[in-house]
Amino acid sequence: MTAFIPITIYLNHKPVVVASIADAKTALQQPWPVMGKPSRLEAIRMVDECLAGHCSQHAAIAAFQTAATEQGLLKRKPPSIGLKKFDRVAEDLM
C-alpha cells in the first residue's frame, strides 16, 4: 500500500497514474509544458531526496502535486452522482 492516494496527471493529453515515488520520478522525466519551471525542478529534487531516504514520501508527493497543479497537469474529477446527492441533502438541511 502506498503512503498517499494515487493521483492522475495528464501529459500530452494522456493520463499518467502516479501511485509511488518511482512513478513520480518517471512522470517528471517526461516532457512537461515548462521543463525549467522552479516547482518542477523542486519536485525532481524532493523525489530524488525521498528515494535516497532523506525526506518523506508525503513531502515529495506534495512537491510533485504542486508542480503538476502549476502546469495544469492535475485535473480534478467531477463529483460522483452519490456525492452530488449528498450535497443536495446537506444544502436542504441548512
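It should be noted that the structure appears before, not after, this text.
Residues numbered from 1 in each chain as written. Predicted model: local features only at pLDDT ≥ 70, side-chain atom pairs only at ≥ 80, totals over all residues. Heavy atoms only, no water.

Things to note about the overall build of the protein chain
Here is step 1: A count of helical and extended segments in the protein chain gives four helices and two strands.
Here is step 2: In terms of C-alpha radius of gyration, the protein chain reaches 16 Å, well past the compact-globule figure of 12 Å for 94 residues.
Here is step 3: Across its three principal directions, the C-alpha atoms of the protein chain cover 50 × 30 × 20 Å.
Here is step 4: Across the 94 residues that make up the protein chain, the buried fraction comes to 27%. (Helix = DSSP H or I, 4+ residues; strand = E, 2+ residues; numbered from the N terminus. Rg over C-alpha atoms; globule rule 2.2 N^0.38 Å. Buried < 20%, exposed > 50% of the residue type's maximum accessible area, 1.4 Å probe, protein only.)

Considering helix α3 (residues 57–70)
One full turn of an α-helix is made of 3.6 residues, so residues set three or four places apart face in the same direction.
Here is step 1: Between its first and last C-alpha, α3 extends 20 Å over 14 residues, near the 20 Å set by a 1.5 Å rise per residue.
Here is step 2: Within the sequence span of α3, burial applies to A60, I61, A63, F64, A67 and A68. For α3, the arc enclosing every buried residue in end-on projection is 155°, short of the 170-degree limit, so these residues lie on one face.
Here is step 3: Residues of α3 that are buried sit in contact with β1 (7–11), β2 (14–18), α1 (21–28) and α2 (38–51).
Here is step 4: Where α3 ends, the next residue or the one after it, G72, has phi of about 70°, a positive value. (Expected span 1.5 Å × (residues − 1). Arc of directions from axis to C-beta. Contact = heavy atoms within 4.5 Å.)

Remarks on the nonpolar core
Here is step 1: One finds I9, V18, W32 and F64 to be the most contacted residues of the largest nonpolar core, which totals 22 residues.
Here is step 2: Those elements giving two or more residues to this core turn out to be β1, α1, α2 and α3.
Here is step 3: Considering every element that reaches this core, the biggest residue donor is α3, with six residues.
Here is step 4: Dropping the residues within four chain positions of it, W32 is found in contact with I9, L11, A27, R40, F64, A67, A68, Q71 and L73. (Core = buried A, V, L, I, M, F, W, Y, C linked by side-chain atoms within 4.5 Å.)

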